[in-house]
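Read off the chains here:
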Amino acid sequence: MKKIDVKKMDREKIVGTYGRFDLVADHGKGAVCVDEEGKEYIDFTAGIGVNSLGFCDDEWVKAVTKQLKKLQHVSNLFYTEPQARVADILTQRTGMKKVFFANSGAEANEVAIKTARKYSNNKYGNDINWIVTLENSFHGRTMGTITATGQDAYHKDFYPFLGHFAYCRPDDIDDLYEKVTDQTCAIMMEMVQGEGGVVNLSKEFVKAAEELCQRKDMLLIIDEVQTGIGRTGKLFAYEYFDVKPDIVTFAKGIGGGLPIGGALFGERACDVLKPGNHGTTYGGNPVACAGALEVLNRIDDAFLTEVEKKGVYFKEKLSAIPEVSSISGMGLMIGVELKKKNAKDAVNEALEKGLMILTAKEKIRLLPPLTITYEEIDKGLKILEDVLK
Ligand SMILES: *Cc1c(COP(=O)(O)O)cnc(C)c1O
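On a predicted model such as this, the values are computed, not experimentally measured, just so you know.

## A short note on the sheet that holds strand E16 (residues 358–360)
So, point 1. The strand order E13-E14-E17-E16 describes an open sheet built from 4 strands, whose pairing is antiparallel. Pairing within the sheet leaves two strands with one partner each, and these edge strands are strand E13 (324–330) and E16. Averaged over all adjacent pairs, the angle separating strand axes in this sheet is 30 degrees, with direction ignored.
So, point 2. Pairing of E13 with strand E14 (residues 333–338), which is carried by 6 bridges, proceeds in the antiparallel orientation. Following the sheet pairing, Ser 326 is matched in E14 by Glu 337.
So, point 3. This element, helix H11 (residues 301–319), spans E13, E14 and strand E17 (363–366) of the sheet and lies at about 170 degrees to E13.
So, point 4. Sitting on the sheet, helix H12 (residues 343–352) is in contact with E14, E16 and E17, with an inclination near 170 degrees to E16.

Listed below in structure tokens is the structure:
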């Protein structure tokens with residue numbers, strides 16, 4: 001094949017929705033990415049929390065290619081074994097009852113929204129359909145999920161939206177009591193707001209939401225698209241908050257790099273959707289499920305303890321950097337507030353020096369592969385320290 005100028009062709013031929021960083025990724029292994037010129041980068045992004053096992057993990061590649069050679073797709077009109085196995089592991093490990101498989105985080109949240117509305121419509125008629133989400137949240141880019149997203153920046157230019165969403169200030173229990181009315185059918189929130197700037201919620205607030213949901217027979221929807229699948233040191237972050245959600249959505253980290261998402265349903269919500277109510281052609285594709293199976297089998301208790309330890313190690317080393325003013329997040333989902341330096345500038349300078357990092361609002365955000373080694377962490381943090389000098 002003739003060599004092409006990737007950046008030039010991309011700029012000319014691909015819709016400009018992404019402000020891409022200056023790196024043409026060619027291949028990778030573990031937490032190291034290599035660009036088309038052979039330059040190596042330590043990866044603190046994991047493809048935005050997707051590559052849980054890093055780039056091209058040997059066992060994951062083996063599992064995925066084995067499935068690929070057997071059956072790549074057959075549609076949801078038929079049964080497949082990998083899908084059943086992933087559902088079995090997820091339900092066993094969470095105590096949730098059933099799963100719906102989708103392809104992305106936004107789609108996972110769409111099914112959660114539809115289920116919440118149908119739950120209340122079935123029980124109480126058509127007037128109970130408001131959903132309360134949080135200001136500063138992020139739930140996706142479809143028309144439904146940008147409506148759920150409590151940030152004006154994402155709404156601008158796309159009116160009109162889905163009706164009947166209300167936005168509550170995070171951690172403001174009084175505001176929650178005000179925003180939830182007799183017409184509310186669900187409360188939906190992230191445990192750590194990811195795109196919103198790696199903002200941890202308080203346990204008191206999350207417990208108050210749970211209590212309200214039980215008392216008023218609303219569904220508690222936890223969006224674990226970014227926090228889920230071991231990212232915070234538990235399989236799901238809600239485990240830290242001692243709550244029992246009705247719907248948990250997941251995506252990013254589960255496929256290890258393949259597009260798969262979905263929603264887990266508890267007792268109250270698991271039989272709301274009936275044949276014909278919802279569907280997707282690709283959702284729970286066997287190859288993506290084979291990848292998910294490998295990821296889930298690897299993330300056992302010892303693995304999760306290791307994620308927690310690495311998170312603590314990151315925080316210790318980061319807090320010793322003078323330019324760092326505060327650190328947020330849980331496990332290997334880390335937000336770093338800087339004293340003077342602009343986060344975007346820091347990302348560009350880090351890239352120049354061989355380190356991939358992310359931003360979230362005005363912060364630097366780190367989402368390394370869960371399998372990152374201490375040596376790789378040290379190497380990356382050394383670069384970050386240089387950049388922040
Ligand atoms: C990324 C993200 C989404 C959207 O996921 P997509 O796969 O990009 O559709 C939804 N919710 C949260 C919390 C996310 O971090």
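## Describing the side chain of Asp 57
So, point 1. Mapped onto the elements of the fold, Asp 57 is located in the loop between helix H2 (46–49) and helix H3 (58–68).
So, point 2. With residues up to four places along the chain from it excluded, the contact list for Asp 57 reads Lys 29 and Arg 298.

## With respect to the packing of aromatic side chains
So, point 1. Under the defined criterion, the tally for this structure stands at 5 aromatic pairs.
So, point 2. Ring geometry for Phe 44 versus Phe 314: centroids 5.1 Å apart, planes at 70 degrees, classification edge-to-face. On the criterion of sequence distance, the pair formed by Phe 44 in the loop between strand E3 (40–43) and H2 and Phe 314 in helix H11 is long-range, its members being 270 residues apart. Residue Phe 44 shares its accessibility class with Phe 314, and that shared class is buried.
So, point 3. Between Tyr 313 and Tyr 374, the aromatic rings sit 5.0 Å apart at their centres with planes inclined by 85 degrees, giving edge-to-face as the arrangement. Residue Tyr 313 is located in helix H11, and its partner Tyr 374 is located in helix H13 (residues 374–388); the two are separated by 61 residues in the primary sequence.

## Quick look at the UniProt feature "modified residue: N6-(pyridoxal phosphate)lysine" (unreviewed entry) in the chain
So, point 1. The positions that UniProt labels "modified residue: N6-(pyridoxal phosphate)lysine" (unreviewed entry) are, in the present scheme, Lys 252.
So, point 2. Note on placement: Lys 252 falls in the loop between strand E11 (247–250) and strand E12 (261–265).
So, point 3. We classify Lys 252 as partly exposed; its relative accessible area is 21%.

Scoring rules and cut-offs
- Residues numbered from 1 in each chain as written.
- Predicted model: local features only at pLDDT ≥ 70, side-chain atom pairs only at ≥ 80, totals over all residues.
- Heavy atoms only, no water.
- Pairing = 2+ DSSP bridges.
- Helix = DSSP H or I, 4+ residues; strand = E, 2+ residues; numbered from the N terminus.
- Axes fitted to C-alpha atoms, helices over the stretch in contact; angles between N-to-C directions.
- Contact = heavy atoms within 4.5 Å.
- Phe/Tyr/Trp six-rings, centres within 6.5 Å; stacked < 30°, edge-to-face > 60°.
- Buried < 20%, exposed > 50% of the residue type's maximum accessible area, 1.4 Å probe, protein only.
- UniProt positions renumbered as here; feature names shortened; annotations may be inferred.

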